[in-house]
Structures are given as structure tokens and as C-alpha cells.
Amino acid sequence: MVARMRRMLWGALACLCVLASCVPVEAPAPAIGGEVVALVPMGGTDRRLATAAGAGGYALRSSRSLPGLGLDMLTFALPEGVSGPAAIDALEAVEPRASVGLNHIYRLQQAAGGRTFEYASALMDWPSEGCVALAPVGLIDTGVDPRAVASSSARVIARRFAPGASLDARHGTEVATVLAHPARLRNAVIYSADVVRDTRSGGEISDAATMIQALDWLVGEGVRVINLSLAGPYNKLLNLAVEAAAGRGVILVAAAGNAGPRAAPQFPAGFDPVIAVTAVDAAREIYTGAVRGPHIDVAAPGVDVFVALGGQGRFVTGTSIAAPFVTARILADADLLAAPTIAELRGQLAARSEDLGPVGADPLFGAGLIMARDLCPG
């Protein structure tokens, strides 16, 4: 409840700041054009909504059951001349149990780095022999090359959700490599949900509907922890899906976003049940591109982190490369996995973190740098 109030306060302050003209007013969040998406409880509500929407001129583009989340998802094409907000109001009016929204776009939060050193494990005091992964993990990202994590005995189970051909799997593979490096986690079972596609004008993107389908699959497969490396605007449908996943005992860890210190909270990291991870460098300084705010939970290495791939590798920067360090820390710790509530998990993560910046939790570093000393001894 306290975390939710902090997020609401932050959102209110951001709105006041815009009204006071202290920052430029942001353009509307990008979304898939010409459609809206509805989530409804399973059990016949989807048929009632589809019938009512059809009578109003809304063409049903797709309908999917999401049993892992206990929801049905319907996508409607907008009638000519009807705006997204007007469609949302109209469809929610004819079916009060429906949550209808735009299909917002989300992007990976990583960039190439430029320095030549490896410091992340030492910064966290991660045991050199590594730890055993205590639960299966899900990645909502690009695909993963299973050959890149074979040295840690990791097993990759993959499914693609984005339309079209799979893209270069480098980003998801780099995140999986951080998780399943043999000096970090052994015997990991990685469920790779490939949600990213390429657009001619917008680059590599995902969207809310695709990410919701990935969440449903991962929850249905019994995944215990989910790592999300994408960020974008608030979306009430994705929020509903995240709440449903968390309500089934799933821990969600997300990159805070690379939109910069003056940006509003990015999502899914900004949702209340999600652990929001920011990035620091080898000197424990905040990544200059990281989003700030009271929703930030913890920090992890995320500036010029060396990721070895195929005997080579590169240095990468961004909050999306910091998030899997926190995910790995949770997967190696039975007490964190057993935390009964998100509030308890946040408290335990804070107790395992080294305070940075002002004393106590702050909008830059959250509770501080997550540490791994004394983890999985022997």
C-alpha cells in the first residue's frame, strides 16, 4: 500500500510539474494504430462484449484465451472516425467488467558500451563458484540463443509471440547470459518469451497485447520469476495482467528505463507489484540515462558490463542489463523466493543492499546496490 501511494504521489507530482511548465509536455505515448484491446474475466464475458461491440461497428480482429491469468483478450478495429479514447469509453460502457485500452508500444532498454573491463560480479560480491537456480525463470525479451548459455547447464524453452520472423536474438541472449553465466547461476531453466518485432519506422518494439500473451504463457508454465527488459508508457491492460500474475505468486523484475532523469516512470517497472531496477557503474554512480523516482527499488551493475558471447562478447549499458542481476539474486535465494508479499520481498531486498546516495531509500538508487555476499556458501 505504501509503495502504491508513492507511485500515485509521483504521478500526481509529474502532472503538476507539467501544468506548471517546468518540463516540456510529452507527446502522446505511441501505440498500435487503429485498434483497442479489451481484457475480460473468463467465463463468457468475451462473447457478450464481442456481440455488443459488433453491433456498434467494432470489428473483432482477434480473440485469445489467457488461462494463466484468468482472462480473455479481444482486439477490435476502430470504426471510421472513432478515436481510441472514445472507443474505450463506449466498450467499457456496454460491458462494465471489461478493461479496454490502447495497445501501447514498448522498447528494449539497452545500448552498446565502450569501456574494457569487467566489474559486475566483484561489485556485488557474487560468489565466484556461482549458485544453483532454485526456480524456473521467464524472460520477456527478444529470443535467446541456447548455445550461449550451454556452459552453465541452462535449459532454454522458447516460444515466440510477436508476429513475423524472429529478430536478432542478441539482446535476450545477453540478458540470459547474465542470468546463467556459470559463475552466477547453474542449472537454470529459462522460459524465453520472444515478444520483439521490427518495424520499418519504429525500430525494434513490442506492444502491450503481445507482452500480456507472454505473461499468460509464463504463468501457465509455472515460472516463478519473470525478468522484463522493456519499458514504455502506462497501460491499464498490462497493469491488469501484471496484477493477475503477481496474484498467482509470480515475482516480476523490470528495467527502470533509459528515458533519462526527467522522465516520468516507465512501465512495467512502475507498476506496484514489480521490482524496479536501476543501473550503476563500477564507481557506484547512477547511470546517467536511468529513470528516477520513488518507485525505484534497487540498483545493480548496468554500465559497461562485459557480456561474453561465443568466445567474444561486448560491453553493454542500460537498466535492462542491470535487471537480470537482481533476478539472478532472487533465483539463488530461497528466502527471497518464499517472500509472501511484494512488501516483504522489497524489505528483504533492501536488507541485502548497500545503501547509496542519501541515507535510506531515495529516487536514484532505491534501497541501494543489491549484494550477493554470503549467498549459497559452500
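Numbering of residues starts from 1 in each chain and follows the order in which that chain's sequence is written. Local features in this predicted model are restricted to residues whose pLDDT is 70 or higher, and side-chain atom pairs enter the listing and the counts only when it is 80 or higher, whereas totals over whole chains, interfaces and linings include all residues. Think of the side-chain values as coming from all heavy atoms in the structure, minus any hydrogens and water.

Visitor: I keep staring at the overall build of the protein and nothing clicks. Help me out?
Guide: Elements are defined by DSSP. Helices are runs of H or I of four residues or more, strands are runs of E of two residues or more, and each kind is numbered from the N terminus. Secondary structure summary: the protein contains 10 helices and 22 strands in total. Burial status follows relative accessibility: with a 1.4 Å probe on protein chains alone, a residue under 20% of its type maximum counts as buried, one over 50% as exposed, and anything between as partly exposed. For the protein, with 378 residues in total, the buried portion stands at 54%. Note on definitions: a residue-residue contact is assigned when non-hydrogen atoms from the two residues lie within 4.5 Å. For the protein, long-range pairs separated by at least 24 residues make up 77% of all intrachain contacts whose partners lie at least 6 apart in sequence.

Visitor: Hey, could you run me through helix α6 (residues 208-220) in this one?
Guide: Along an α-helix, residues three or four positions apart point the same way, because every turn accommodates 3.6 residues. Take the number of residues in a helix, subtract one, and multiply by 1.5 Å to get its expected span. Helix length check: α6 (13 residues) gives 18 Å between terminal C-alpha atoms against 18 Å at 1.5 Å per residue, within 8%. Burial runs high along α6: 12 of the 13 residues are buried. Of the positions making up α6, those classed as buried are Ala208, Ala209, Thr210, Met211, Ile212, Gln213, Ala214, Leu215, Asp216, Trp217, Leu218 and Val219. The first or second residue beyond α6 is Gly222, which carries a positive phi of 80°.

Visitor: So what exactly am I meant to see when it comes to the state of the cysteines here?
Guide: Linking two cysteines covalently via their sulfur atoms produces the bond known as a disulfide. By definition, disulfides here are pairs of cysteine sulfur atoms that lie within 2.5 Å. Counted by the stated rule, this structure contains 1 disulfide. Across a sulfur-sulfur distance of 1.8 Å, Cys131 and Cys376 are joined as a disulfide pair. Taking the sign of the torsion about the S-S bond as the criterion, the disulfide between Cys131 and Cys376, at about -55°, is left-handed. Residue Cys131 is located in strand β7 (residues 131-132), and its partner Cys376 is located in the segment after β22 (369-370); the two are separated by 245 residues in the primary sequence. Overall, the relative accessible area of 24% leaves Cys376 in the partly exposed class.

Visitor: In this structure, what is going on with the sheet that holds strand β2 (residues 59-66)? I would like to understand it.
Guide: Two modes of strand pairing occur in sheets, parallel and antiparallel, and in both the strands are linked by backbone hydrogen bonds. Read across the open sheet, the 4 strands follow the order β2-β3-β1-β4; overall the sheet is antiparallel. On the outer flanks of this sheet lie β2 and β4 (99-101), each paired with one strand and no other. Here the average twist between neighbouring strands, direction ignored, is 20°. The strands touched by helix α2 (residues 45-55) are β1 (35-41), β2 and β3 (71-77); relative to β3, the strand with the most contacts, the crossing angle is about 15°. Along the sheet, helix α3 (residues 84-94) contacts β1, β3 and β4; its crossing angle with β4, the most-contacted strand, is approximately 170°. Note on pairing: DSSP must find at least two bridges between two strands before they are called paired. Helix axes use the C-alpha atoms of the stretch in contact, all axes being lines fitted to C-alpha atoms, and the angles between their N-to-C directions lie in the range 0 to 180 degrees.

Visitor: Which parts of the structure should I look at to understand the packing of α6 against helix α7 (residues 236-247)?
Guide: Each packed pair of helices is defined by two parameters, the angle between the axes and the distance between the axes. It is at 9 Å that the axes of α6 and α7 come closest, and there the two elements cross at 10°. Between α6 and α7, the interaxial angle falls into the category roughly parallel. Facing α6, whose interface residues are Ala208, Met211, Ile212, Leu215 and Val219, α7 presents Leu237, Leu238, Ala241, Val242 and Ala245. Charged residues are taken to be Asp, Glu, Lys and Arg, nonpolar residues to be Ala, Val, Leu, Ile, Met, Phe, Trp, Tyr, Cys and Pro, and polar residues to be all remaining types, Gly included. Tallied by class, residues from the contact of α6 with α7 come to 10 nonpolar, no polar and no charged. Oblique is the label for any angle not under 35 degrees, not over 145, and not in the 65 to 115 range, which are roughly parallel, roughly antiparallel and roughly perpendicular in turn.

Visitor: Would you mind going over the pattern of salt bridges with me for this structure?
Guide: Oppositely charged side chains are able to pair whenever their charged atoms sit close together. Here, a salt bridge means any side-chain nitrogen of Lys or Arg that lies within 4 Å of a carboxyl oxygen of Asp or Glu. A full pass over the atoms with the stated rule returns 14 salt bridges. Among the ionic pairs, Asp145 bridges to Arg147, the shortest N-O distance being 3.0 Å. Here Asp145 falls in the partly exposed class, since its relative accessible area comes to 23%. Residue classification places Arg147 among the exposed residues on the basis of a relative accessible area of 69%. Salt bridges linked by common partners bring Asp125, Arg284, Glu354 and Arg373 together as one network.

Visitor: How do you make sense of the sheet that holds strand β13 (residues 203-207) when you look at a structure like this?
Guide: In spatial order, the strands read β12-β13-β5-β15; together these 4 strands make up an open sheet with antiparallel pairing. Here the strands that pair on one side only, and so sit at the sheet edges, are β12 (197-199) and β15 (230-231). Where strand β5 (residues 105-108) lies against β13, 2 bridges are found, and the strand directions are antiparallel. In the strand pairing of β13, Ile105 is matched with Asp207.

Visitor: Please clarify how the pairing of strand β16 (residues 251-255) should be interpreted in this entry.
Guide: If a strand is regular, its side chains alternate between the two faces of the sheet. Judged by how many residues are buried, β16 sits mostly within the fold: 5 of 5 residues are covered. Covered by surrounding structure in β16 are Ile251, Val253 and Ala255 together with Leu252 and Ala254, the residues of both alternating faces. Where strand β14 (residues 225-228) meets β16, 4 bridges bridge the pair, whose relative direction is parallel. Each residue of the ladder has a partner; that of Leu228, found in β16, is Ala254. The sheet contact formed by β16 and strand β17 (residues 274-280) spans 4 bridges and is parallel.

Visitor: Which parts of the structure should I look at to understand the side chain of Thr142?
Guide: If you trace the backbone, Thr142 turns up in the loop between β8 (137-141) and β9 (155-160). Since its relative accessible area comes to 3%, Thr142 is described here as buried. Looking at Thr142, its side chain comes within polar contact range of the main-chain nitrogen of Gly172, at 2.7 Å. Non-local contacts of Thr142, meaning those with residues more than four positions away in its chain, are made with Leu108, Asp168, Ala169, Arg170, His171, Gly172, Ser192, Ala193, Asp194 and Val196. Contacts described as polar in this section are N or O atom pairs within 3.5 Å, which, within protein, must combine one atom able to donate a hydrogen with one able to accept it, while residues neighboring in sequence count only if both atoms come from side chains.

Visitor: Help me understand the nonpolar core in this model?
Guide: Most often, soluble globular proteins have nonpolar side chains that are buried together. Within the largest apolar cluster, 62 residues are counted, with the highest numbers of intra-cluster contacts made by Ile190, Val253, Val277, Val326 and Ile330. Looking at this core element by element, the count peaks at 8 residues for helix α8 (residues 319-331). Those residues within four positions of Val277 in sequence are excluded, and the remaining contacts are Val253, Ala254, Ala255, Ala256, Val298, Ala300, Thr319, Ala322, Ala323 and Val326. Put simply, buried Ala, Val, Leu, Ile, Met, Phe, Trp, Tyr and Cys residues joined by side-chain atoms within 4.5 Å make one nonpolar core. Of all hydrophobic cores here, the second largest spans 41 residues; its members include Met73, Ala209, Ala214 and Ala269.

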